[in-house]
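# Tertiary structure, described
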Amino acid sequence: MIISKDKIFVINTANSTYAFDVINTGHLRHLYYGSRLDFSEELSEFDVITPKREFGPGATLGYNPENPSLAFEDTCFEISSTGKGDLRSPFVSIVHEDGMRTSDFVYDSHEAVSGTINRTSLPGSYDANGKCETLIITLHDVSYPVVLKLYYVVYEEKDVITRFADIINEGEKKIEVERLMSLQLDMDDCDYEAIFFGGAWAREMQCYRKDIASGMNVNRSNTGTSSNRANPFFMIARSTTTEDEGRCFGFNLIYSGNHAEITDANAYGKVRVLTGINDEGFRYILNKGESLEAPEAIMSYSEKGFNALSDNFHRFIRDNIVRGKWQYKERPVLLNSWEAAYFKFDESKLVKLAKKGAEVGIELFVMDDGWFGERDDDTKSLGDWEVNKKKLPSGLEGLSQKINKLGLSFGIWVEPEMVNVNSNLYREHPDWCLANPRTPHSEGRNQRILDLTQKEVRDYIIESMTKVFSSGNIEYVKWDMNRIFSDVFSSSLPAEKMGEVAHRYVLGLYEIMGELTKRFPDILFEGCSSGGNRFDLGILSYFPQIWASDNTDPICRLEIQEGLSYGYPLSTIGAHVSASPNHQTLRRTPMKTRAACASFGVFGYECNLVDFTKEEIEEIKKEIALYKMYRSVMQFGTFYRGGRGPAMSMRPSATSVLSDSTLEGNIKEWTVVSKDKDVAVGAIFKKLAMPNIRDSVYHAKGLDKEKKYLFINKELEYDIRDFGDLVNTVAPIHIKPNSLLLDIIAKKVKLPSEKENYTASGNFLCTAGVHLCQDYSGTGYNENVRYMQDFSAKMYIMVEE
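These lines cover the structure that appears in this document, whether it is placed above or below. (Residues numbered from 1 in each chain as written. Predicted model: local features only at pLDDT ≥ 70, side-chain atom pairs only at ≥ 80, totals over all residues. Heavy atoms only, no water.)

### Let's talk about the overall build of the chain
The following threshold applies: The helix count covers DSSP runs of H or I at least four residues long, the strand count covers runs of E at least two residues long, and both are numbered beginning at the N terminus. Atoms counted for the radius of gyration: C-alpha only. Globule rule: 2.2 Å times residue count to the power 0.38. Working definition: with a 1.4 Å probe on protein chains only, accessible area under 20% of the residue-type maximum means buried, over 50% means exposed, and in between means partly exposed. Contact criterion: two residues are considered in contact whenever any of their non-hydrogen atoms come within 4.5 Å of each other. Charged-residue counts in this description rest on Lys and Arg as positive and Asp and Glu as negative, His and the chain ends being excluded. Charge coordinates come from a single atom per side chain, which is NZ of Lys, CZ of Arg, CG of Asp or CD of Glu.
When helices and strands are tallied, the chain shows 14 helices and 40 strands. For a compact globule of 801 residues, the expected C-alpha radius of gyration is about 28 Å, and the chain comes in at 28 Å, within 12% of that figure. For the chain, the spread of C-alpha atoms along the principal axes amounts to about 100 × 65 × 45 Å. The 801 residues of the chain split such that 61% are buried. Sequence-distant contacts in the chain: of pairs separated by 6 or more residues, those separated by 24 or more amount to 72%. The positive charge centre, built from 93 side chains, and the negative charge centre, built from 115, are 5 Å apart in the chain.

Written out as structure tokens, the structure is:
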């Protein structure tokens, strides 16, 4: 809800309030963002939150002779610029034709409208129900004919406000925009920490915390993508905030290119938070009448900890970012060929693999890289989107028909934005690359990036992909992008516009994805970029899910998927079960753990099922059947994390001496609850076993406290070989470890897991928790003991009675 009176603006959501006003100089002063405040109709309480000023602080600048006490350095603003004494990082930076870098934007007008604002070139949030409101503030520069428009889109029920800006050159002379951010939040309290998520290939979404009380912190990507180095989602929180208690703010950006998230504290205890396009290497020229749109940023506030904040983002992304047929449709269980075959496959091998997948319950078979041109490795043929008839003699149409006859849908892998130098496309159009022909070029994965700033390149991609997607019954597309930018240069733009290339590339990508998703609305598209190198809301505006990481090791995936869960719903996170030992870490982990971890996402397999044992195949059948039973909950339910919060395990715990969590992050506890709270699925993951600890408690979350639930565990069977020569303590004859006799017995004799079976109210399960069967602690084992070895998982089901 937007309330405005006498140039005072109050924006209310269900549980938060955002407030600012226009001071006598025309500048927008930020006053409050936090827990909801219910103002009277006259806004008479506004003086309570208004700073009082009589004299300016020492050794600062006064704005003008009429307002000597207005020191920009010691004021919270809605937007900021350079040149008037505000020494914090600016929201906007412009170089005028005369060389002047000072900008001074003041209030001109405002309007409030129903619904969202359609962007010209960028994706944005939307409201299918028409319930949101948008506040538009128009500012003008006091010295130059430049207009700045600020947008506040209010999703009241979601506790979300989105922000973006347009800058318009209304003068005769050009201006150079060196920075235009999307969101600025000035806070007059610096007792917070910034929580960022970064990493590298196979190590995405690792959480780290920074004290923001002094200096500047910058989380930024300059890779050309949103990047695995620095995801655009971040949070600001008290150091004491936990998963379920305390104040926290969350931010994200609907953008897939270079971005920056900044916290900048000053000497007066104020902290500025900024997010938007990274201005490193950015310079955008605007001639008369031209404008520049900033990407849309999202912010939300919670006074009930990180789980509540995550739920705000999850609901908003599902309802107001993801679009199309697959927005709420359950995603199929897939089998991807990559780790099963890499480039070494033919039609016969693929059909054999798909047939085995059909036997275990797979619903979608995906042929990954290697099906086109002369693509026998990663050095050639990218860009040549013609079927390799040696590998696939019946083409995509024939192969898709064979897959369909097995009862499976068919999908393929593409990487449309890339080209190999060793390809027909490059030989015909070397000028279609982002590369300077006069200088050496640094490559990644033996490939170059196509120049999406060129219309004929965009048209080629659209038409070549249209031909591919129409050449068989293709129901799924994995859209990959396997390198970062280097030597950025476009042969189609003049030298003065080279600072626009990275941004124009992203705009070109959105045009391509937008057109192809319109032409093929039934295809399930999954974004990918060397795993999670482009996991962002820009991609999710076109593709409903993204491959989280090329690393499928479940122990690594616990951190990656939990990191993503702070800002992204499970329905957007691609997660697969792979072989053991894992191809990225060579770690051996139980199938049960791999399946449990992958089930908290869009579930699939990426391994050679043909080589699996009969015993493993039977286990996979059970895992898939269980997932299908609770798929709607796992993909679209409300997700809760246990524990204290992101990276909190690095802080000392009063109970660490007696806890399984003595090791950093050793235990993960996840719960997902159906919308109607009738069903919930929980899991406990353990990285390393700790000796002589008997007690474990599972704390359910999100249940209806008045409802009665049946609480049961997923019953398992264990291989007696896991117990080593301890079997001789009960065996009537001596059995040698690693002997043929032990192998024969192991095929016939399985040890049953414990049985958890309780009926209790949601209040009991959430408040007291469930004291589970005793853990194995080295002093004995029977059917009532929980066996959780290294890298293990236990799953629990809660169903209303």
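Alright, that's what it looks like, and here's the rest.
### Side note on the packing of helix α10 (residues 591-599) against helix α11 (residues 614-629)
What counts is decided by this rule: Only C-alpha atoms enter the line fits that serve as axes; for helices the fit covers just the stretch in contact. Angles between N-to-C directions range over 0 to 180 degrees. Should an angle lie under 35 degrees it is considered roughly parallel, over 145 roughly antiparallel, and from 65 to 115 roughly perpendicular; all remaining angles are considered oblique. Take the far helix as your reference; a near helix turned counterclockwise from it by less than a right angle gives a left-handed crossing, and one turned clockwise gives a right-handed crossing. Only Asp, Glu, Lys and Arg are considered charged, only Ala, Val, Leu, Ile, Met, Phe, Trp, Tyr, Cys and Pro nonpolar, and every remaining residue, Gly among them, polar.
Two elements in contact, α10 and α11, have axes separated by 11 Å at closest approach and are oriented at 25 degrees. As far as their axial angle goes, α11 and α10 are roughly parallel. α11 is crossed by α10, and the crossing has right-handed handedness. Touching Met-591, Lys-592, Ala-595 and Ser-599 of α10 are Glu-616, Glu-619, Ile-620, Glu-623 and Tyr-627, all from α11. Looking at the contact of α10 with α11 residue by residue, the class counts come to four nonpolar, one polar and four charged.

### Quick look at the sheet that holds strand β31 (residues 638-641)
This is how it is decided: In this scheme, strands are said to pair when DSSP sees at least two bridges between them.
The strand order across the open sheet built from six strands is β31-β32-β33-β40-β35-β38, with neighbouring strands paired in antiparallel fashion. If you trace the sheet from one side to the other, it starts and ends with β31 and β38 (757-761), each paired once. Each strand of the sheet is rotated relative to its neighbour by a mean of 20 degrees, with strand direction disregarded. Taken together, the four bridges between β31 and strand β32 (residues 667-673) define a ladder with antiparallel strand orientation. Its bridge partner lying in β32, Arg-641 is registered against Trp-670. Set on the sheet, helix α9 (residues 554-565) makes contact with β31, β32 and β33 (679-686); between it and β32 the angle comes to about 45 degrees.

### Concerning the side chain of Arg-119
Spelled out, the test is: In the analysis that follows, any N or O atom pair within 3.5 Å is treated as a polar contact, provided that within protein one partner can donate a hydrogen and the other can accept it, and provided that, for residues neighboring in sequence, both atoms belong to side chains.
With respect to the helices, strands and loops of the structure, Arg-119 is situated in the loop between β6 (105-114) and β7 (133-141). A polar contact of 2.8 Å, which involves the side chain of Arg-119, links it to the backbone oxygen of Ala-294. Those residues in contact with Arg-119 that sit more than four places away from it in its chain are Phe-164, Ala-165, Asp-166, Glu-293, Ala-294, Pro-295 and Glu-296.

### Comments concerning the state of the cysteines
For clarity, the cut-off: Cysteine sulfur atoms that pair up within 2.5 Å are treated as a disulfide.
By the definition in use, this model includes zero disulfides. With no disulfide of its own, Cys-207 lies closest to Cys-248 among cysteine sulfurs, the gap being 12 Å. For the unlinked cysteine Cys-607, the closest cysteine sulfur is that of Cys-597, found at 14 Å.

All we've got here are geometric facts, nothing functional implied.
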